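# Descriptive structure summary
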Protein chains: 2
Amino acid sequence: MRLVAILATLCLLAGPPAGLAADAEALLERARTLFAPIPTKPPELPGNPSSVARVELGKMLFFEPRLSAEHNIACATCHQIGLGGADGRPVAIGHGWQRGTRNVPTILNAVLNTAQAWDGRARDLAEQSGRPITSAVAMGNTRESVVATLRAIPGYRDFFAWAFPGEAEPVTFENIEKALAVFQATLLTPDSPFDRFLAGDLAALSAVEKEGLALFLDKGCAGCHQGANLGGDRYAPFGVVQRPGAEFLPPDDRGRLLVTRTADDAYTFKVPSLRNVALTAPYFHRGSSWDLEQAVAVMGSAQLGIDLTAEETRKIAAFLVSLTGRQPSIVLPVLPPSVPSTPRPRL
Amino acid sequence: MRLVAILATLCLLAGPPAGLAADAEALLERARTLFAPIPTKPPELPGNPSSVARVELGKMLFFEPRLSAEHNIACATCHQIGLGGADGRPVAIGHGWQRGTRNVPTILNAVLNTAQAWDGRARDLAEQSGRPITSAVAMGNTRESVVATLRAIPGYRDFFAWAFPGEAEPVTFENIEKALAVFQATLLTPDSPFDRFLAGDLAALSAVEKEGLALFLDKGCAGCHQGANLGGDRYAPFGVVQRPGAEFLPPDDRGRLLVTRTADDAYTFKVPSLRNVALTAPYFHRGSSWDLEQAVAVMGSAQLGIDLTAEETRKIAAFLVSLTGRQPSIVLPVLPPSVPSTPRPRL
């Protein structure tokens, strides 16, 4: 027994057996052709240059409940940065306790998606940022009312002038959207075990995570879930091979058809990113699966037409957990106070 | 003219005229007999020792929407640390969009109050912390449900064991309250201009702020608003001299009578702290005044039986603005993820 222990120790010191290391290197090469690491710095947004002022203003607005009709719902209410950038519920609860119709997508790494929302209705973060503010079921406000409120808060007038220098009237709805986009672009989660693996650290993934990655490639998951976000860059019908049950694909929501008005797009959705997926249950556009392994199994049958074994499902889920990156460290902003002339919450 | 300018410069170099300096020193002496600075370190809570672990756990719980029935309302939803520790609304909106009956009190410096809530119904922060969680109109949850939820989140099991070492089952409702209290006790706002004045910096208050302080003392405001929090340590009938209008004192809320069941306590409320009052409009227990100067004027007539002039009101309000301290710097906590066995939000 002692000899075995000594041999085992020697093996550990020597690294994994040559065959396994070669397998891992081959796996890494395959992975590098399909995936990319999460960048550590936010990408520049076209026509919306980042600055310290714009990021700080965007952060304030992200946590600002006075963007909503009753001054009680902020972006951060449903996009909780401490909960993987989502809200941990099937669908959000918004203005008047109305329920949304789709699961809240995470804002973490969302800047890396090619379009926003489950049906891609917003082409970028700036366009998306304005939508919940004026949505009747989300924040219930109007563009005019939000702008009037922020213009009547002296601290915001100063911050907008700092963030949008040279503009005669910097407090505009468009600038609210721009600042929110610039802040959200900073919400990246680099340095996950998978990112360290992609950078060449073969030991960053455990044996089961590597097996899961191999299955993820072999079974075809990466056909849709690829790129830096393992998703977020294309659309696919939910049930491309086998229509899932109504609990996962309720017939009343025809997905991207609502945007394109094209019959071909019925039940088509944006392929969601799998980054930090272990933090963002429940899954699918209705938030109908609370279990990552169940979600993997449903994807196998619905999208690939295969019945994954429990063992395969477990391994793929283990790989997906390795996509959890370093979560953003955010100092809560101090918001400028209202003054007597600031419009009050609608009651 | 040049001579005047030179003399003025000499005066500035020499400091304020001797008479004014003597006035300021006398004012400081008076103030020191009634007020105390906000401490820079949190006081120890009896039977609830602070620790790094307990503060960190308390912070997580403070931002934790899974304390509520539908997993969408946290302590931080209504006690916004970035908005002076309150919510900027007349009354809060809670579970099912129900409205509370009283204005949300700030949690900043609340540990320095001798009791919690407008009617003093909770003797300390720990007791107060549990109340909104199980209130039907606030977070709508039950003690059993909250404890079951947190016990089924592996990350919380670890954090509670770290924060309450040696306890066989550390995830209890009492420990939730204790951790929340220890975190909230850290939410102090020292170093306001008034605190620097109390520390001996006579120039920390402007001329008008000093005049406001003198009026605050001369007119009798400090009869109730004294101590470190300028309030929070006693009860007083609202309308002790002259009953204010129903917009400020609606007859349906009889205040502390609801706690003591004593007729003498009808329309009696805890004297609120005036710390950071410039950040926490609207004012009074119904959040019925949006203007600090109006609130000062109402207090003058209702509590002191005097009609303050507009000038006096303005000066007292200027002094009150000097009570805005250094706001807490809080790094948003990353919350541990739910797992498939975690109880789901009630829907």
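Refer to the structure presented above.
Below, the structure is looked at part by part.

Before going further, it helps to spend a moment on empty space enclosed by the protein. Applying the stated criterion to the full structure yields six cavities of 30 Å³ or more. For the largest cavity, the calculated volume is near 400 Å³. Every residue lining the largest cavity is counted, 26 residues in all, and those nearest its centre are Phe63 and Ala76 of chain A together with Phe63, Ala76 and Thr77 of chain B. For the lining of the largest cavity, the secondary-structure elements that each account for two or more residues are helix H4 (75–78) of chain A together with helix H4 (75–78) of chain B.

To continue, consider the interface of chain A and chain B. Chain A puts 38 residues into the contact, and the matching count from chain B is 38 residues. Summing both sides of the interface, chain A and chain B together bury roughly 3300 Å²; the carbon and sulfur share of this comes to 65%. A per-residue breakdown of the area chain A buries against chain B is headed by Trp97, Trp290 and Leu332 of chain A, which together make up 21% of the total. At the boundary of chain A and chain B, one finds four salt bridges. Counting the contacts that link chain A with chain B gives ten residue pairs in polar contact (both at pLDDT 80 or more). Per-class residue counts for the side of chain A that touches chain B are 21 nonpolar, ten polar and seven charged.

Residues Leu61, Leu150 and Ile176 of chain A together with Leu61, Leu150 and Ile176 of chain B are the most contacted members of the largest nonpolar core, which totals 72 residues. With 41 residues, the next largest nonpolar core counts Leu230, Ala281, Leu308 and Leu323 of chain A among its residues.

In this section: unusual backbone geometry. Excluding glycine, a negative phi dihedral is what most residues carry, and trans is how most peptide bonds are arranged. Residue and element names in this part refer to chain A. For the bond from alanine 281 to proline 282, the omega torsion is 0°, close enough to zero to count as cis. Here proline 282 shows up in the loop between strand S2 (268–270) and helix H12 (292–304). The backbone of aspartate 191 shows a phi angle near 70°, a positive value even though the residue is not glycine. Within the secondary structure, aspartate 191 sits in the loop between helix H8 (173–185) and helix H9 (193–198). Owing to a relative accessible area of 36%, aspartate 191 belongs among the partly exposed residues under this scheme.

The rules behind these values
- Residues numbered from 1 in each chain as written.
- Chains lettered and ligands numbered in written order.
- Predicted model: local features only at pLDDT ≥ 70, side-chain atom pairs only at ≥ 80, totals over all residues.
- Heavy atoms only, no water.
- 1 Å grid on protein atoms, 1.4 Å probe; cavity = no way out; pocket = protein on both sides within 12 Å on 5 of 7 lines; lining within 4 Å.
- Points joined across faces, edges and corners; volume = space filled by probe spheres on them.
- Helix = DSSP H or I, 4+ residues; strand = E, 2+ residues; numbered from the N terminus.
- Contact = heavy atoms within 4.5 Å.
- Buried area = accessible area lost by both parts, 1.4 Å probe.
- Salt bridge = Lys/Arg side-chain N within 4 Å of Asp/Glu carboxyl O.
- Polar contact = N/O pair within 3.5 Å; in protein donor to acceptor, adjacent residues only side chain to side chain.
- Nonpolar A, V, L, I, M, F, W, Y, C, P; charged D, E, K, R; others polar.
- Core = buried A, V, L, I, M, F, W, Y, C linked by side-chain atoms within 4.5 Å.
- Buried < 20%, exposed > 50% of the residue type's maximum accessible area, 1.4 Å probe, protein only.

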